[in-house]
Amino acid sequence: MRADPPRLTRTPGPLPGIGIVHLGLGAFFRAHGAIYVADAMAASGGDWGILGVSLRNPGIRDALAPQGGMYTALELAPEGPKARVIDAVQRVLVAPEDPQAVLDAMADAAVRIVSLTVTEKGYCHEPATGRLNLDHPDIRHDLAHPLPVSAPGYLVRALQRRRAAGLLPFTVLTCDNLPGNGPLLRGLVLDLARRIDPALADWIDTHGRFPATMVDRIVPATTPEDLARASALTGQHDAAPVVHEPFRQWVIEDDFVGGQRPDLGAVGAQMVQDVAPFELMKLRMLNGTHSSLAYLGYLGGHQTIADCMADPAYRALVRRLWAQEIIPALTPPPGIDLSAYAAALEDRFANPAIRHRTWQIAMDGSQKLPQRILGTLEANLAAGRSSPGLMLAIAAWMAYVGGTDEQGKPIDVRDPLAARLRDLSNGPPETRVAALLSVREVFPQSLASAIAPGVTQAFLTLQAKGARRAVSEMT
Ligand code: CS2
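Residues numbered from 1 in each chain as written. Predicted model: local features only at pLDDT ≥ 70, side-chain atom pairs only at ≥ 80, totals over all residues. Heavy atoms only, no water.

### Quick notes on the overall build of the protein
1) Next: Across its full length, the protein holds 20 helices and 11 strands.
2) Next: In summary, the protein has a C-alpha radius of gyration of 22 Å against a globular reference of 23 Å for 475 residues, a match within 12%.
3) Next: Dimensions of the protein, computed from C-alpha atoms along their principal axes, come out at roughly 65 × 65 × 45 Å.
4) Next: Out of the 475 residues belonging to the protein, those deemed buried represent 55%. (Helix = DSSP H or I, 4+ residues; strand = E, 2+ residues; numbered from the N terminus. Rg over C-alpha atoms; globule rule 2.2 N^0.38 Å. Buried < 20%, exposed > 50% of the residue type's maximum accessible area, 1.4 Å probe, protein only.)

Now the structure itself:
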């Protein structure tokens, strides 16, 4: 019998100091930001070791602790995988086990950046307005208790400690797919801080920095087969590898407290003054079509984005969405040709080595639709352009959150509003669409009225023909 491969471990030796605390140590950050930071330290040095924080469960800490924080990143190109061991993460804390230890780490003078990937819902805001959701149970908790549970709560309480200790704030580096993510988070932190201590809010307002970023790399959830693949390639057992596509992009507003940051520009990150055009391009062109494919693809029986792209009707739909509905509503970032960007996205989506499940992307739609799809719809309405493909995508989301697929099988809908969305999914199609359009966290009133006829029509088409036929007939 062959012996089990040895466990991946860190060779003892001197390590760079911890300069970054990262909240939300999921696969995305480990396959994106942490690799840039590892590259930046390799290129230019600096004490930018990462302490990761899990805001919910201990799984990733339990997997990484015996490995000294090391893990394998598997790059999946159509021509085959490549493995690389990433060493930038040194320690992992589990926030609910010891919130005090997390605040201590964030308040350490050597920490100059707190970065975040906590997903859209982790911001505890109202997606349609960008305001702090004061009814959110975590925000209510954090207003009443000094040991927080939410990401904004951790930021505010850690900044409070730094101020009390006479330190400068850390830079808050958000890496989630939200529009104007830096200014958005700044607004949420200031709002929460003002309710706790107005003088703290003024201090953050003056000294704090919240650069906006655009992050991009397709990172599907790791599967048991990926564990076996990683160990076959490296000869070591890794309990928590990540998988990712070859492409990566990070556009960062170059506005850090005291200019303190890893040398990310040396390793391909784009340090710019204005991230907004890049962010809109990516959210609407990549994430907008991803979500469209997620709902229409899932209902049409496609398991992954690559499966959708192998279906000529779905490929034609995304091309149409880019060319006729999304690109006309965008201003290209400096030096970028949006048609070329779309062509590159088409290849990335079609990469057969990446099994990115439609079900995974379908998660949390109530938090994603505004910035991914509704902004484009609004711009098209204002310009008098029609958006039949995006209307069909919204209708597919409505069908999806009803909780049953086209074969009558239940769908495991994951969304913070799942129960409410399901309760609203009753009655004849017109009533159902109207009820879902009245969810104000997602659809502002004026937009809801404007798209009601188009979305109702699309919903009826979906019901009559099914997603696959509705998609083929559209293109
Ligand atoms: C995806 C994104 O899961 C999703 O909703 O659309 O995670 C997408 O893969 C990344 O934003 C790509 O950068």
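### Topic: the sheet that holds strand β10 (residues 249–253)
1) Next: Taking strand neighbours across the sheet as the criterion, the 3 strands line up as β8-β10-β11 in an open arrangement whose pairing is mixed. At either margin of the open sheet sits one strand with a lone partner, and together these are β8 (213–216) and β11 (270–272). The average angle at which neighbouring strand axes cross in this sheet is 15°, direction not considered.
2) Next: Pairing of β8 with β10, which is carried by 4 bridges, proceeds in the antiparallel orientation. Bridged to M214 within β10 is V251. (Pairing = 2+ DSSP bridges. Axes fitted to C-alpha atoms, helices over the stretch in contact; angles between N-to-C directions.)

### Notes on the site of the ligand
1) Next: Within the structure, the ligand sits among N177, V215, D216, R217, I218, K282, N287, H290, H356, I361, K368 and R372.
2) Next: Note that an oxygen atom of the ligand is positioned 3.0 Å from one of the side-chain N or O atoms of N287.
3) Next: Between an oxygen atom of the ligand and a side-chain N or O atom of R372, the distance comes to 2.9 Å.
4) Next: Elements that contribute at least two residues to the shell around the ligand include exactly β8, α10 (276–299) and α15 (365–382).
5) Next: Sort the elements by how many residues they give to the shell around the ligand and α10 lands first, with 3 residues.
6) Next: Broken down by class, the residue content of the shell around the ligand amounts to 3 nonpolar, 4 polar and 5 charged.
7) Next: Taken domain by domain, the makeup of the shell around the ligand includes at least three residues from each of domain 1 (18–272) and domain 2 (276–474). (Near = heavy atom within 4 Å. Polar contact = N/O pair within 3.5 Å; in protein donor to acceptor, adjacent residues only side chain to side chain. Nonpolar A, V, L, I, M, F, W, Y, C, P; charged D, E, K, R; others polar. Domains from an automatic or database assignment.)

### Comments concerning the sheet that holds strand β3 (residues 71–77)
Through backbone hydrogen bonds, the strands of a sheet pair up, either in parallel or in antiparallel fashion.
1) Next: Sheet architecture is open: 3 strands sit in the order β4-β3-β9, paired in mixed fashion. Either end of the sheet is taken by a strand with one partner, and the two such strands are β4 (80–86) and β9 (242–244). Going across the sheet, the axis of each strand differs from the next one's by a mean of 25°, ignoring polarity.
2) Next: Two elements, β3 and β4, share 7 bridges in a ladder whose sense is antiparallel. By the bridge assignment for β4, L76 is matched with P81.
3) Next: Contacts from helix α2 (residues 33–44) reach β3, β4 and β9, with the element oriented near 65° to β4.
4) Next: Contacts from helix α9 (residues 224–234) reach β3, β4 and β9 within the one sheet, and its direction differs from that of β3 by about 100°. (Contact = heavy atoms within 4.5 Å.)

### Some words on the packing of helix α12 (residues 312–326) against helix α16 (residues 388–401)
1) Next: Here α12 crosses α16 at 120°, and the two axes come no closer than 8 Å. One element, α12, and the other, α16, form an angle in the oblique class. Mapping the contact onto sequence places R320, L321 and E325 in α12 and P388, G389 and L390 in α16.
2) Next: Partitioning the contact of α12 with α16 into residue classes produces 3 nonpolar, 1 polar and 2 charged. (Parallel < 35°, antiparallel > 145°, perpendicular 65-115°, else oblique.)

### Side note on the domain arrangement of the protein
1) Next: Parsing the protein into structural domains produces domain 1 (18–272) and domain 2 (276–474).
2) Next: Placing a centre on the C-alpha atoms of domain 1 and another on those of domain 2 gives a separation of 28 Å.
3) Next: Contacts between the two partners involve 30 residues from domain 1 and, on the opposite side, 29 residues from domain 2.
4) Next: Buried surface at the junction of domain 1 and domain 2, summed over both partners, amounts to about 2300 Å²; 60% is from carbon and sulfur atoms. (Buried area = accessible area lost by both parts, 1.4 Å probe.)

### Some thoughts on the environment of P99
1) Next: Following the sequence through the fold, P99 ends up in helix α4 (residues 99–106).
2) Next: What makes P99 buried here is its relative accessible area of 18%.
3) Next: Distance in space between the C-alpha atoms of P99 and H22 is 14 Å, their sequence separation being 77 residues.
4) Next: Excluding anything up to four places from it in sequence, P99 contacts L147, P148 and Y154.

### Some thoughts on α12
Residues separated by three or four positions in an α-helix point in the same direction, a consequence of the helix having 3.6 residues per turn.
1) Next: Between the first and last C-alpha of α12 there are 20 Å, a value that for 15 residues agrees with the 21 Å anticipated at 1.5 Å per step.
2) Next: Of all bends in α12, the biggest is about 25°, found at R320.
3) Next: Turning to α12, its buried residues are A313, Y314, L317, V318, R320, L321, W322, E325 and I326.
4) Next: Looking at the buried side of α12, the elements it contacts are α10, α11 (305–309), α13 (338–350), α15, α16 and α20 (467–474).
5) Next: Two to three positions downstream of the cap, the backbone nitrogen of A313 sits 3.0 Å from a side-chain oxygen, assigning the N-cap of α12 to D311. (Expected span 1.5 Å × (residues − 1). Bend = angle between axes of the 7 residues up to and from the residue.)

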